[in-house]
Amino acid sequence: MRMDHVSYACEHDGLAATTERIATALGVEAVKGGVHPRFGTRNMIIPLAGHKYLEVVEVLDHPASDKAPFGQAVRARSAAGGGWMGWCVEVDDLAPFEERLGRAAVNGNRKFPDGRELVWKQIGILGLIADPQVPYMLKWEGDPSLHPSHAYESNLKMSCLTIAGSASRVTEWLGEPVEKPLEDVAVEWVAPHGTPGILSVTFETANGAVTI
């Protein structure tokens, strides 16, 4: 179990403008991700050091976004003004989570312009919608070189998450201590009785720490 990525739902001016603001603040360039046909969303990627990445995601006017929990989550967060939507951990086996949550993981995919395809399975978006402090779980499949963190070599490091919530709640959700997937990412837990979710993420850039 390891931290994989953080997701930022685009603001009212759309994917390109939102991504440009974040990339400029971090002093890097974003790359086009592509469309998630099963979810009715699309994204742009900022690779991070340590096999991690930041995605900025936008919901599309597509029937899939009405049916898929991921599309619903993006739409709701963007409708509220946009911002951090959630975080994701990569696991080797989704079966324990499928058993505990009582449902099957869903397939995800995204095609590259050259025809290559990024494929994965994920579960836990309904939990994130109900309680945005908890991560969803993902298992990458197919060619490991297509992982979004490999879009280009990056020295940008995610150093800290500030999450409204409690470590004990997320530990209960994961079935393992929350510290395990976070490894080199610190977490500041605040407002355990307030509205849950990611409040900010701090990155170590070439020009020092930047918090978004």
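Placed above this text is the structure.
Residues numbered from 1 in each chain as written. Predicted model: local features only at pLDDT ≥ 70, side-chain atom pairs only at ≥ 80, totals over all residues. Heavy atoms only, no water.

**Student:** Which residues make up the packing of aromatic side chains, and what are the values?
**Tutor:** According to the stated counting rule, one finds five aromatic pairs in the structure shown. Arranged with centres 5.4 Å apart and planes meeting at 45°, the rings of Phe 39 and Phe 70 form a pair that is tilted. Placement of Phe 39 in the loop between strand S2 (31–36) and strand S3 (41–48) and of Phe 70 in helix H3 (residues 69–79) is noted, with a sequence separation of 31 residues between them. Its relative accessible area of 5% is what places Phe 39 among the buried residues. One aromatic cluster is present, built from ring pairs that chain together Phe 39, Phe 70, Trp 120, Tyr 136 and Trp 140. (Phe/Tyr/Trp six-rings, centres within 6.5 Å; stacked < 30°, edge-to-face > 60°. Helix = DSSP H or I, 4+ residues; strand = E, 2+ residues; numbered from the N terminus. Buried < 20%, exposed > 50% of the residue type's maximum accessible area, 1.4 Å probe, protein only.)

**Student:** Provide a residue-level description of the sheet that holds strand S9 (residues 157–164), including the pertinent values.
**Tutor:** The four strands lie next to each other as S10-S9-S11-S12, forming an open sheet whose pairing is mixed. Looking at strand neighbours, the two that pair on one side only are strand S10 (186–190) and strand S12 (208–211), the edges of this open sheet. Adjacent strand axes in the sheet meet at a mean angle of 20° when their direction is disregarded. Sheet analysis places S9 next to strand S11 (residues 197–205), joined by seven bridges and oriented antiparallel. Residue pairing for S11: Lys 157 is matched across the bridge by Glu 204. (Pairing = 2+ DSSP bridges. Axes fitted to C-alpha atoms, helices over the stretch in contact; angles between N-to-C directions.)

These values are about where atoms sit, not about what they do.
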